[in-house]
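Each chain, written out:
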Amino acid sequence: MVLHHQLSPRKRPAINHPFAPPKIPKPKPKPTPTPTPTTTNEADQSQRPQNDVAEATAIDKMLSLLADAGCTLFHPSGPPCLPSNPHNFRRHLHRLFSSSSNASLRSAFLSGFSFYVHSSQNLHRVLLPSNRDGLGPATCESLVRHLLLVPPIQLDLQNMLLEKLPEYFDINPEYSGRSSSLDEDVARLIVNHFRWLDFLVDSYAFTNKLMQVLSICPLHLKKEIIGSLPEIIGDQNNKTVVDSLEKMLQEDSAIIVSVLDSLSNLNLDDQLQEQVVTISLSCIRTIDAEHMPYLLRFLFLSATPTNVRRIISQIREQLKFVGVSSSRTVQHRKLKGKSTLGNTNASILDALRSSLRFKNMLCQEILKELKCIERIRDHKVIDIWLLMLIYMNGESLQKSVEKIFKKKIIEGCIHEAMVDQCIGGNMELVQDYFPSFLSLSEYLLACKEQKARDFGIHMYSILFEEFVDTYSRQEILGALVTHVGSGISFEVTSALDTMVLLVSKYAHELVPLSSHINGVLDYLEGFSVENLHKVYEVFSNLAISARSSANFFGSSIANELLMIVRKQVTSPDLKYKKMGLIGTLKIVSCLVDANISTCPGPSQQANSAEALELLKTSLDSCKQFPIPLILFYDELVTMLDCRTVQPAIVDWIGKHVGEFESMFLSDLEGGQLSVKDLHCGLEGELMMNLDGDISPICLNILPLVSSSLQSSSNLQILPANFVLLSTIERLANQGSLGGIDALLGCPLHLPSSKYFSGDGWQSLTGKQKHVVCLSLYYATNWIRELLNAFCTQVVDGRFACTTQAIREETIVKLLKRLRNLLFLESLLNNSLKQYPLSLPELHLHVEHSGFHPNLVGHVEKKNEHKKTYESFSSNNKRKDRKTSKASKDSGIDGKLRQPTILDVLKKAGVTTSQGTPNDDSSALSPKCRTSESADQHTYDTNKHILLEVSAVFKVLETQRSKFRPLLVDCFSIFTFSTNQDSCCPDPAAELPLHLYLLRDIRYKLDFFSPPSKAFSARHLGSPPGLSRVTLSQFLAKIKPLFLTFKKHFNAAVSILKEGNENCEEHWKVQSASAGNPDIPNLVLSRSSVCTSVFNEILHCFNMMLRLADINLDKPILTGLLEAFQPIKMQDSIFSGLQPIPLHGTIEYLYCGAYSFVEDVLDLACSFSFMLASEALLTLESIVTSILKFNDKLMEGNDRSTSMGSIEAGEIVQRILQIYLGNSESTSDLLHELAFSILPQAQSSKTTEEDDCHGFPTLCPATFNIWYRVLHEENLAILNKLVKEVVHSEKSRAGVQLDTVEELLIKLQKSANVLVSLVNMCRTQDKVAVHAMAVKYGGKFVDSFLKVFDFLQIHFQMHNELIIQLVKELQKATRTIQTLCSEAKGLKQTVITSKIPSTKRSMERFLFRVKALLHTSRVNALSGWVCNLKHKDLMGQVEQSAGDASEEDREL
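Residues numbered from 1 in each chain as written. Predicted model: local features only at pLDDT ≥ 70, side-chain atom pairs only at ≥ 80, totals over all residues. Heavy atoms only, no water.

Q: Any chance you could explain the overall build of the protein here in plain terms?
A: In terms of helices and strands, the protein carries 61 helices and nine strands. Counting over 1451 residues, the protein shows a buried share of 54%. If you take every contact in the protein between residues at least 6 apart in sequence, the share linking residues at least 24 apart comes to 77%. Carbon and sulfur atoms form 52% of the exposed surface of the protein, whose accessible area is close to 64600 Å². (Helix = DSSP H or I, 4+ residues; strand = E, 2+ residues; numbered from the N terminus. Buried < 20%, exposed > 50% of the residue type's maximum accessible area, 1.4 Å probe, protein only. Contact = heavy atoms within 4.5 Å. Areas by Shrake-Rupley, 256 points an atom, 1.4 Å probe, with all protein chains shown as cover.)

The following block contains the structure:
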């Protein structure tokens, strides 16, 4: 027995061990039974000795078996002793327990071992490393480890140990305070014994048992076991492990890190790997943020080409980090310092960054995923971070990231709030990514697209706000200065806008950094006027802020700025003087702004004194120069309108403008001049007196013009001076102009009206003509500024101090002044036509430096009169030649033709009114053509001058930039109509006035319209007067006019329907009431006016629909569409729409607008081709707007919305049919579309390529519609030709050779179109296109067969043309044959249903060709007639055609 085992003569060294030798329970003698009855407790007590004896017996048996194998279990000083050869030990036990005869020994051993390890001390002993032969320290594996390697008892021991494991769950080394060494933790010792076993007898059973125990383990032990699973069970039973871990994760996500570590070390098959990925993706929303980096790393490492898109998509949708902070939490972070959330977010970004670097495939797939996302709401903050992380990975993908980022910004998918969430309040997180964010900001600010640049400005602003360290801010400012120095106008403007924004928010912080932006001052000479304002605003605000801080930087900035502007103001060079004036006025505006003055008392007075000194210096420097003085006045007006100026400055300006009366006005006596003198030999006359005899003053134009020929003219500054006067008056009287209302009605002293007749004009000398032209010019601009000033008095709700009576009186005068303006410009245009003159500049044109091809910087022209005259004369001659040619062409078939419309439609976006409206008089009524013709010959005869009031003032348009612009407030005149039910729709003859305003609205819409492909000379013209008005502000101001547009449109249509010139006296009566002199040769054609109003309103409607942001402003779009609704909506407009749009919805309004314009198109066709063309273009704009709005709607909603039901294809088909039907030559246009346009659309793959052909409605989505319409139109043309041929056959005797040749050429064109359309099937794989080619090809051949008799009759005379025609047509039949053969093989039922009729037609065609050649005895040409061969679309002969006879030739 082991208990009596004797030590060998060689004694073991004594070892102090913490374990005392165990005591084995010995059996006790049985107690003598007593006769008393036994209870239950007594029975138990009697049973215990029996159990103790059984346990002792089993333990003894187990010990005996171990001893026989060489193991000493009880060791007085430590763990058991194992034999020196443990392999023999295990083999001995294996043989012993494997024998079937020793089955009882195995059971006895296991029973004894189970009883033995009931004691935690014994269990601990057998789990500790053992000695070998009882010598030396414990260096070998434990007894349990060796027993687990004995196959017959392995599973039982594993189950036994797993069942013992729960007894030690309450021991948590982390919280018990004990040492966490492995030797003292029984639970961990048990788990450790399962690791790296050489084999598992029953892995399935063991795994199941382990998973059962694992599910109830405490968290710390569960994590350790899960992490050890790959070492415990190896690669067996992976399915069970994965399923069990999935259930555990659902119950407790805290084990995620251990689970991921375990799963990453398991050798899983593809199916299990996908299951693991799915499990991991499901945990993104549930796990703690601190575990997220581990999960992301695992997912990206598990990414394969098959699941990478799913992983990326799920991470994008479910991962929430960076950007959950509000402004309050941002402030809280700044107060608290670095937060745990910030650390977590940083860890997440690091995990993403390292994963993307490790797998380049992830970068490519992320970019693809982001490209495919279309809806705005599907974009998230993480998208920006993913793009930034890819951007940091290297230069190879930076361009791709930039393009995607810009595209998403332009589409509105990435907005400013998302960047705020990324950067705002996360400085420490973004610190490492600052260079990348700055680089991306630089790229955006250099983009051509305004939306991208605005986003770049915001990024610069948020970076400057968040990064307060000097280095970062210096980098930001340095990047902005680089933009400024680029020389690219839109980039410079955006950079300066950024600086203005930064200075407005962080002026004090920028003062110490001002040296880093001083380099901007080196580029002053290259800046536009608009950019000069921004530069000086930046430095003026810096100087004021620095002065308030009273430091060294303040005096330096202020002194340098003042030195620069003083030099510029006093410079004799006009260019530098303008720069100095702008800078001076900007400094003054900052000094005297009552809202930003931070130093009250003496400092404020000092600022006012300094501002007054600067103003006086500036005024003195430009008194002798009209252009700088005009600029000075305009800048003062801007300052007064935009800032609250200190009273001292307002008083000084008021005293200066007080000289207005003495400079420009004369007193009247009884409404007449006291003295009537001649000026340069010209008689004067008071015109346009609205106040009658009570008018006390008049505007002294003629005397001042005549005196200006010897000295500098004050009249050049008259309009600007009046604007300043009216501004001061409004400031002093709470917005009212009552103090200067006499100027609105006072007469104008102008040259006598007799000089405007033909004989009177001829009697004038050159100098007198000069005076007359300048007088009209100054009077025109005076009226314009009167309208600008006094229209502010009648806008509803603008000024409470204006009474209703005064308002009504002002409205009447404004309407009369508008008649005066139209009258004066008509006379001035005619005068300049006869006496070309370069007009003085009254308005400094402010270049719009944003990137806009429609706007060109103003260049001061100083052409001599002779050069202007020659230019005008040559243009007039060219126009005469074009007019006469057009008239000859139109006489051929009696149709009205306008070739320029074709060019307009081909360019698709350059509208007919981009040029001068009504340029082609052939499109107008006969009376209009007479008037226009007379106007054209005026220059030659100079005797009978006819002036058309409604005509475009073409000569003035070339110098329109010099005029004072009409402001948007003037358009309120549209609502001042006094029309009442009377004899005609326009009893007050107001349509010419509204036409004038409509044209000005169109000029302003040109300013906002998207770039055109063609460059219009009109864009060199009038300054739009929108330097401080945005598109949204402009649309908001004209929105109340939409219904008025419709009203005037209906009036024009009503007059056009009448078709006569009744009520012509209305214009003369109203003109006389406005004080216009009676000039007999100044006429008004009502039909011409109505035609132009019709055209202009449609064109404005068209342009507004094409505005880039109109679809984003739903109230404006709704108001515009509501204004152009039909009186009654026809049910047919909703045919094919499911569901039918509800009344009042945007879909319903689009349908109504389309119905209205479609009715207008039908009506316009009876008036003029020009109007029909404009209506057609408007229809196209409605369709394009529907598509754009639909795209926006789809981005914000699901694809199943009602807007998706609109069948835009029907609209496109209708527009195309109208376009083809109204073209000059439908056959020629079909030929061009089939050979040039459709092939380009077929090969285009990008949006840019789609636009290259010039038809926005032609794209892959509408290609089938275009293809079908072209086939139908070509077939219709052929049918018309067949009728002509049949008609010619009935009168063969009278048919001329030229007529026959002309018919053959037309047939050839039609055949060429068919061949081109059919051959597109070689590169077009759409089955629908192939089906249309077979269908319409068969119909074409069938119709063509009807002309064979005609061809046979004329074959001898025109054999070459006929043979070429047949050869060309056979090219199409060859392709059709191939399509039929392939359709049969591929069982394409869409095509096969059309094959029988088509094949019959082609067979008949073949026999008719043979018959034609046979009867005509053309043997030399018989070689090219043959049977049809079976070829594919690429021309290769198929195998089935190999049996054909050699004498057959290729067809």
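Now that the structure is up, let's keep going.
Q: Help me understand helix α6 (residues 151-164) in this model?
A: At 3.6 residues per turn, the α-helix brings residues three or four places apart onto the same side. Taking 1.5 Å of rise per residue, 14 residues should cover 20 Å, and α6 covers 20 Å from first to last C-alpha, within 8% of that figure. Considered for burial, the residues of α6 that qualify are Pro152, Ile153, Gln154, Leu157, Gln158, Met160, Leu161, Leu162 and Lys164. (Expected span 1.5 Å × (residues − 1).)

Q: Even after reading the chapter, I still don't get the environment of leucine 824, so can you show me in this structure?
A: For leucine 824, the location among the structural elements is in helix α38 (residues 804-834). The spatial distance from the C-alpha of leucine 824 to the C-alpha of asparagine 781 is 9.8 Å, given a sequence separation of 43 residues. When neighbours within four sequence positions are excluded, leucine 824 is seen to be in contact with Met688, Leu750, Leu776, Ala779, Thr780 and Ile783.

Q: What should I look at first to understand the pattern of salt bridges in this one?
A: Opposite charge on two side chains allows them to pair when their charged atoms are near. A complete count under the given rule lists 35 salt bridges for this structure. Across the pair lysine 534 and aspartate 497 runs a salt bridge whose closest N-O atoms are separated by 2.7 Å. Of this pair, lysine 534 sits in helix α26 (residues 529-549) while aspartate 497 is found in helix α25 (residues 489-510), placing the two residues 37 residues apart along the sequence. Taking the relative accessible area as the measure of exposure, aspartate 497 reaches 27% and is therefore partly exposed. Here glutamate 613 ties to arginine 566 by a salt bridge, and the two come within 3.1 Å at their closest N and O atoms. Of the two residues, glutamate 613 is situated in helix α29 (residues 602-622) and arginine 566 in helix α27 (residues 552-569); the sequence distance between them amounts to 47 residues. Since its relative accessible area comes to 34%, glutamate 613 is described here as partly exposed. Since its relative accessible area comes to 35%, arginine 566 is described here as partly exposed. The structure contains a network of salt bridges with shared partners spanning Arg188, Arg195, Glu224 and Glu231. (Salt bridge = Lys/Arg side-chain N within 4 Å of Asp/Glu carboxyl O.)

Q: Sorry if this is basic, but what is going on with the side chain of asparagine 541 here?
A: By the element assignment, asparagine 541 lies in helix α26. Contact partners of asparagine 541, with chain neighbours within four places excluded, come to Val503 and Cys590.

Q: Looking at this model, I keep getting lost on the confidence of the model for the protein. Mind explaining?
A: Detailed reading of the predicted coordinates is not advisable wherever pLDDT is low. Of all residues in the protein, 76% attain a pLDDT of 70 or more, and the chain-wide mean is 77. The model gives residues 323-339 a pLDDT under 50, and that stretch makes 13 contacts with residues more than four places away or in other chains. (pLDDT = per-residue confidence, 0-100.)

Q: Please clarify how the packing of helix α49 (residues 1114-1123) against helix α50 (residues 1146-1164) should be interpreted in this entry.
A: Contact geometry for α49 and α50: axes closest at 9 Å, N-to-C directions at 35 degrees. Here α49 runs over α50; the crossing is left-handed. Only Ile1146, Leu1149, Tyr1150 and Ala1153 of α50 make contact with α49, whose side of the interface consists of Lys1114, Leu1117, Thr1118, Leu1121 and Glu1122. Partitioning the contact of α49 with α50 into residue classes produces six nonpolar, one polar and two charged. (Axes fitted to C-alpha atoms, helices over the stretch in contact; angles between N-to-C directions. Left-handed = near helix turned anticlockwise from the far one by under 90°. Nonpolar A, V, L, I, M, F, W, Y, C, P; charged D, E, K, R; others polar.)

Q: Explain the packing of aromatic side chains to me, please; I cannot follow it from the model alone.
A: Aromatic ring pairs are described here by two measures, namely the spacing of the ring centres and the angle between the planes. Scanning all chains against the criterion turns up 28 aromatic pairs. Considering the side-chain rings of phenylalanine 660 and phenylalanine 664, the 5.1 Å spacing of their centres and the 50 degrees angle between planes classify their relative orientation as tilted. Pair noted here: phenylalanine 660 and phenylalanine 664 are both in helix α32 (residues 660-664), with a separation of four residues, about one helical turn. Just as phenylalanine 660 is buried, phenylalanine 664 falls in that class too. The interplanar angle of 85 degrees and the centroid separation of 5.1 Å between the aromatic rings of tyrosine 777 and phenylalanine 963 together place this pair among those described as edge-to-face. In this pair, tyrosine 777 sits in helix α37 (residues 766-790) while phenylalanine 963 sits in the loop between α43 (954-957) and α44 (991-1008), placing the two residues 186 residues apart along the sequence. On the basis of relative accessible area, phenylalanine 963 is assigned to the buried category, the value being 1%. Taking NZ or CZ as reference, arginine 473 lies 4.1 Å from the ring centre of phenylalanine 464, over its face. The aromatic ring of phenylalanine 963 is capped on one face by arginine 960, whose charged end is 5.1 Å from the ring centroid. (Phe/Tyr/Trp six-rings, centres within 6.5 Å; stacked < 30°, edge-to-face > 60°. Lys NZ or Arg CZ within 6 Å of the ring centre and 35° of its normal.)

Q: I would appreciate a short explanation of the packing of helix α46 (residues 1042-1058) against α49 in the present structure.
A: Helices that pack against each other are described as a pair by the angle of their axes relative to one another and the distance between those axes. Across the interface, α46 lies against α49 with an axial gap of 8 Å and an inter-helix angle of 20 degrees. Here α49 runs roughly parallel to α46, going by the angle between their axes. Regarding α46 and α49, the two cross each other, and that crossing is right-handed. In this structure, α46 contributes Phe1042, Leu1043 and Lys1046 to the contact, and α49 contributes Ile1116, Gly1119, Leu1120 and Ala1123. Classifying every residue of the contact of α46 with α49 gives five nonpolar, one polar and one charged. (Parallel < 35°, antiparallel > 145°, perpendicular 65-115°, else oblique.)

Q: Explain the environment of leucine 249 here, please?
A: Considering the arrangement of structural elements, one finds leucine 249 in helix α10 (residues 238-251). Accessibility expressed as a relative area gives 8% for leucine 249, which makes it buried. Note: C-alpha distance between leucine 249 and serine 280 (31 residues apart in sequence) is 9.5 Å. Those residues within four positions of leucine 249 in sequence are excluded, and the remaining contacts are Ile255, Ile256, Val259, Ile279 and Cys283.

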